[in-house]
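Reading the structure
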Amino acid sequence: MKENQLVQNTIDFVKEELKNAEGGHDWFHIERVFNTSKLILNHEDGDSLIVQLAALLHDIADPKFHGGDESLGPKIAEKFLESQSVDEETRAHVVNIIKNMSFKNSLEKNNRKAFASKELHIVQDADRLDAIGAIGIARAFNYGGFKNRELYNPEISPNLNITKEEYKKSTAPTINHFYEKLLLLKEKMNTPTGKQLAEQRHQFMLNYLEQFYKEWNGDE
């Protein structure tokens with residue numbers, strides 16, 4: 001099968017699978033990560049097909065919408081790629097990227113990356129870029145609304161030493177998420193291109209928070 005046809009088949013599959021997904025983790029999130037991955041790939045070395053497939057399949061079954069099951073996404077991706085007669089080496093690489101993408105895994109004590117590749121770094125940067133800046137803010141509040149969380153509560157401080165399990169179970173106000181994840185992502189970018197793209201988005205979030213607190217406290 002030609003690469004273009006495989007990519008199109010994957011797009012069609014993901015669109016169908018995520019047609020009822022929460023707004024911050026829907027097809028449009030996948031499309032943005034896909035496009036940003038290709039943008040980064042223009043400036044970094046990596047296998048184009050693996051990057052595209054991993055970007056498209058990375059959130060095919062996000063654990064937070066499937067009872068915390070971290071094995072479901074890789075299984076679905078593997079089964080789909082098998083159905084497309086993708087070779088074993090490529091399948092294994094894409095599945096390993098999906099297994100190692102998550103921010104929450106970096107919160108584990110003594111976390112050792114069992115897998116790393118240039119392609120993982122590219123797709124991970126693209127995914128993290130979609131979690132910051134204007135889009136990242138919109139996604140954070142969309143998910144907070146989906147979970148009926150407070151916007152902000154001055155009496156609930158961010159957990160700056162949050163563990164993976166605490167992160168997964170957190171019901172904290174959405175503003176806390178900035179300090180527990182979003183503002184940390186700039187320093188977690190892997191590629192020079194990812195780092196460069198993160199700078200402006202990071203600053204946008206800082207400006208937003210400054211304005212948020214002014215409005216909250218009536219200090220304008």
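Note that the structure is predicted; figures quoted are calculated from it, not measured. (Residues numbered from 1 in each chain as written. Predicted model: local features only at pLDDT ≥ 70, side-chain atom pairs only at ≥ 80, totals over all residues. Heavy atoms only, no water.)

Turning our attention to the overall build of the protein. Counting its regular elements, the protein contains ten helices and zero strands. When the elements of the protein are put in sequence order from the N terminus, they spell out α-α-α-α-α-α-α-α-α-α. Rg of the C-alpha trace for the protein: 18 Å, near the compact-globule value of 17 Å for 220 residues, within the 12% margin. Projected onto the principal axes, the alpha-carbon positions of the protein cover approximately 60 × 35 × 35 Å. By residue count, 47% of the 220 residues in the protein fall in the buried class. In the protein, which carries 28 positive and 35 negative side-chain charges, the distance between the mean positions of the two groups comes to 3 Å. (Helix = DSSP H or I, 4+ residues; strand = E, 2+ residues; numbered from the N terminus. Rg over C-alpha atoms; globule rule 2.2 N^0.38 Å. Buried < 20%, exposed > 50% of the residue type's maximum accessible area, 1.4 Å probe, protein only. Lys, Arg positive; Asp, Glu negative; His and termini not counted. Charge placed at Lys NZ, Arg CZ, Asp CG, Glu CD.)

Once that is clear, we can look at the packing of aromatic side chains. Taken as a whole, this structure holds eleven aromatic pairs when the rule is applied. Between tyrosine 152 and tryptophan 216, the ring centres sit 4.8 Å apart and the planes meet at 75 degrees, which makes this aromatic pair edge-to-face. A residue pair is termed long-range when its members are at least 10 positions apart, and tyrosine 152 in the loop between helix H7 (133–146) and helix H8 (164–169) and tryptophan 216 in helix H10 (residues 192–217) qualify at 64 residues. Each residue in the set Phe141, Tyr152, Phe178, Tyr208, Phe212, Tyr213 and Trp216 is aromatic and connected to the rest through ring pairs, giving one cluster. (Phe/Tyr/Trp six-rings, centres within 6.5 Å; stacked < 30°, edge-to-face > 60°.)

Along the chain, the position of histidine 93 falls in helix H5 (residues 88–99). Residues histidine 93 and leucine 81, twelve residues apart in the sequence, show an inter-C-alpha distance of 11 Å. Contact partners of histidine 93, with chain neighbours within four places excluded, come to Ile50, Phe115, Ser117 and Glu119. (Contact = heavy atoms within 4.5 Å.)

The next thing to look at is the pattern of salt bridges. Scanning all chains against the criterion turns up eight salt bridges. Taking the shortest distance from any N to any O, the salt bridge between glutamate 78 and arginine 91 comes out at 3.0 Å. Taken together, the residues span a long stretch of sequence, with glutamate 78 in helix H4 (residues 72–83) and arginine 91 in helix H5 at a distance of 13 residues. Given a relative accessible area of 23%, glutamate 78 falls into the partly exposed group. Judged by its relative accessible area of 15%, arginine 91 falls in the buried class. Of the charged contacts, one joins lysine 214 and glutamate 210 as a salt bridge, the two residues approaching to 3.9 Å between their closest N and O atoms. In this pair, lysine 214 and glutamate 210 are both assigned in helix H10, four residues apart and thus about one turn of the helix distant. On the basis of relative accessible area, lysine 214 is assigned to the partly exposed category, the value being 34%. What you see here is one network of salt bridges that share partners, running through Arg32, Asp130 and Arg139. (Salt bridge = Lys/Arg side-chain N within 4 Å of Asp/Glu carboxyl O.)

With their axes 8 Å apart at the nearest point, H7 and H10 run at an angle of 55 degrees to one another. With respect to H10, the axis of H7 lies oblique. The residues of H10 that touch H7, namely those facing Gly133, Ala134, Ile137 and Phe141, are Arg201, Phe204, Met205 and Tyr208. A per-class count over the contact of H7 with H10 returns six nonpolar, one polar and one charged. (Axes fitted to C-alpha atoms, helices over the stretch in contact; angles between N-to-C directions. Parallel < 35°, antiparallel > 145°, perpendicular 65-115°, else oblique. Nonpolar A, V, L, I, M, F, W, Y, C, P; charged D, E, K, R; others polar.)

Side chains that are three or four residues apart share a direction in an α-helix, a result of its 3.6 residues per turn. Here H4 is twelve residues long and its end C-alpha atoms lie 17 Å apart, about the 16 Å a rise of 1.5 Å per residue gives. Taken together, the buried residues of H4 touch helix H1 (3–17), helix H3 (48–57) and H5. (Expected span 1.5 Å × (residues − 1).)

In the contact formed by H4 and H5, the axes pass within 9 Å of each other and the chain directions differ by 160 degrees. What the angle tells us is that H4 and H5 run roughly antiparallel. In this structure, H4 crosses over H5, and the sense of that crossing is right-handed. Residues Pro74, Ala77, Glu78, Leu81 and Glu82 of H4 pack against Arg91, Val94, Val95, Ile98 and Lys99 of H5. (Left-handed = near helix turned anticlockwise from the far one by under 90°.)

The values reported here are purely geometric and, on their own, carry no functional implication.
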